[in-house]
Amino acid sequence: MGAIPLLHQECLEREARRRESACPELWDLLDTVKDPEIPVLSIWELGVLQDVQRDGDKITVVITPTYSGCPAMHAMQQDVERALSDAGWSQVEVRQQLSPAWSTRWMTPQARQALAEYGIAPPCTNQNELPQCPQCHSEQVDRISEFGSTACKALYKCRDCLEPFDYFKCL
Amino acid sequence: MTTDQTALLQYALGEADDALILGQRLCEWCYHAPYLEEDLALANVSLDFLGRAQNFYQYAAQLDPQQRTADQLAMLRDSREFRNLLIVELPIGDFAFTMARQFLLDCFYVEFMTALQGSADPNMAGIAAKAIKESQYHLRRSHEWLLRLGDGTEESHRRMQIALDQIWGYTMEMFENSPAENELLAEGIAVDRSALKPAWDTRVNTALVEATLSRPEDGWSVRGGRDGIHTEHHGHLLSELQFLQRAYPGLEW
Ligand SMILES: [Zn+2]
């Protein structure tokens, strides 16, 4: 702890794709697409949105699934298509890309902050670290279950304020 | 179509079938697990395997000369066409049996997916890169259960030992390369399953000692899944898994 947080290479590349994009307005438009299970996170903040390209009237969007079987991926894909077609784009292709594999390291700092405020403890930097209670910030927590209400979460309980809470697992 | 593509299709299908059938078995625990958190955990692990199956089926569909879709490959093939290993199709048994199987498979998958990440085929490597993280997480949990039941009460120890004894002969098939795999080995596409055995042995032996369980003798073994020769349980599983698509062909969610 205390060290300067290092940005992951894949993270930097993703940010560069957005920064240097020829169609920044489309990236901004897709900021309105949220994770259906965690509505405070956009698919960009979550690290799912990888690339947006425009070729004439044709839009190609690349997304990376969080978990292999995450049912929310299908919803996100449809939401991307809807957001773009509502804005007048009729030729939209959403492509799923597995590699490089999604990691919680891709989450933006804003996303981590938003998660904590929403009551979900943001992911730690490795699988052996314990999360902080999002209510009272105590580090005295117990794991209740390796899995929570969705594949990406585990269930914890705070020993100080006694509140149970969801933890966004480190992956 | 080249011989290579046929072999690659067989390879992807074998992995897809393993994941689908195991995922289906695990979700049978839904609403029946010992307590709520365990119910959630088993359903989520099941979901990981169904997702893994989907990834492999989608790739297989791209290679299929008959141009079947991923859904058709999963839902419209008969038992003899499935290439899954026998270990994944065995009924769930009691909770000890389910966790014993899961632990032995998780130990295998952690080694297998690590190796498959280095596959010369970028699609297989990409799927493995996702799967490895999930399997590491699964193993942490199944390992904890092995310890908790093995080194638990007299009853839980007894059941875990019985489960291991019953399942042991089905583990050998995990380490045998199919003809398709042997063909793909030379090009660095397939993983050499037999080479994973020592690392698997070490993991399993260490955990068994910790859990005060004894490693069963290598006396018997059953095989046939990769040739489409399945146990009597397989057809029953498919009848439930495939019911909807058989009764209402082409139905979508
Ligand atoms: Zn607290």
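Analysis parameters
Throughout, residues of each chain are indexed from 1 in the direction in which the sequence is written. Both sets of labels track the order of writing: A upward for chains, 1 upward for ligands. Reporting in this predicted model follows two pLDDT cut-offs: at least 70 for local features of residues, and 80 or more for side-chain atom pairs to be given and counted; totals over whole chains, interfaces and linings ignore these cut-offs and use all residues. No hydrogens and no water enter the side-chain calculation; it runs on all heavy atoms of the structure. Contact definition: two residues touch when any of their heavy atoms are within 4.5 Å. Summed over both partners, the accessible area (1.4 Å probe) lost when two parts come together is defined as the buried area. We define a salt bridge as a contact between a side-chain nitrogen of Lys or Arg and a carboxyl oxygen of Asp or Glu at a distance within 4 Å. Two N or O atoms count as a polar contact when they lie within 3.5 Å, although within protein this holds only if one can serve as hydrogen donor and the other as acceptor, and sequence-adjacent residues are included solely when both atoms are side-chain atoms. Strands are runs of DSSP state E lasting at least 2 residues, helices are runs of H or I lasting at least 4, and numbering of each runs from the N terminus. A strand pair is defined by DSSP finding two or more bridges across the two strands. For helices, the fitted axis covers only the stretch in contact; all axes are lines through C-alpha atoms, and the angles between them, taken along N-to-C directions, range from 0 to 180 degrees. Per residue, pLDDT captures the predictor's confidence, and it can take any value from 0 to 100. For Na, K and Ca the donor cut-off is 3.2 Å, and for all other metals it is 2.8 Å, counting N, O and S atoms only; because water is absent from this set, sites may look incomplete. Donor angles set the geometry label: tetrahedral for four donors if every angle is between 85 and 135 degrees, square planar for four and octahedral for six if opposite donors exceed 155 degrees and the others are between 65 and 115, irregular for anything else. Think of it in three bands: residues with accessible area under 20% of the maximum for their type are buried, residues over 50% are exposed, and the middle band is partly exposed, with areas taken using a 1.4 Å probe on protein chains only.

The next point concerns the interface of chain B and chain A. Contacts between the two partners involve 21 residues from chain B, matched on the other side by 24 residues from chain A. Both faces considered, chain B and chain A share a buried interface measuring about 2,100 Å² in area, 56% of it formed by carbon and sulfur atoms. Contact with chain A buries surface across chain B, with K130, K133 and Y137 of chain B losing the most and accounting together for 34% of the total. The tally of links between chain B and chain A comes to two salt bridges. Between E146 of chain A and R140 of chain B there is a salt bridge; the shortest N-O distance is 3.1 Å. One can count eight residue pairs in polar contact (both at pLDDT 80 or more) joining chain B with chain A. Put simply, the parts of the chain that give the side of chain B that touches chain A at least two residues each are α2 (36-63) and α6 (122-150) of chain B. Broken down by element, the residue count for the side of chain B that touches chain A peaks at 11 residues, all from α6 of chain B.

Turning next to the sheet that holds strand β1 (residues 49-55) of chain A. Residue and element names in this part refer to chain A. Read from one edge of the open sheet, three strands run β1-β2-β3, paired in mixed fashion. Each edge of the sheet is formed by a strand with only one pairing partner; in this case those strands are β1 and β3 (91-96). Averaged over neighbouring strand pairs, the angle between their axes works out to 15° when direction is ignored.

Taken residue by residue, chain B gives an average pLDDT of 96. The fraction at 70 or more is 99%. With a pTM of 0.90, the predicted complex shows an ipTM of 0.79.

So, on to the coordination of the zinc ion. Residues and elements named next belong to chain A. Looking at the zinc ion, one finds its protein donor set to be C133 (SG), C136 (SG), C158 (SG) and C161 (SG), positioned 2.3 Å from the metal centre. Each of the four donor atoms around the zinc ion contributes to a set of angles spanning 105 to 116°, which defines the coordination as tetrahedral. Exposure remark for C136: the relative accessible area of 34% places this residue in the partly exposed category.

Residue and element names in this part refer to chain A. Strands sit in the order β4-β7-β6-β5 across an open sheet of four strands; the sheet is mixed. At either margin of the open sheet sits one strand with a lone partner, and together these are β4 (120-121) and β5 (141-145). As paired elements, strand β6 (residues 153-158) and strand β7 (residues 164-168) share five bridges and run antiparallel to each other. Its bridge partner lying in β7, Y156 is registered against F165.

This next bit is on the environment of R17 of chain A. Residue and element names in this part refer to chain A. With respect to the helices and strands, R17 occurs in helix α1 (residues 9-19). Between the C-alpha atoms of R17 and R159, which are 142 residues apart in sequence, the distance is 43 Å. Not counting residues within four places of it along the chain, the set of residues in contact with R17 comprises W27, Q50 and D51.

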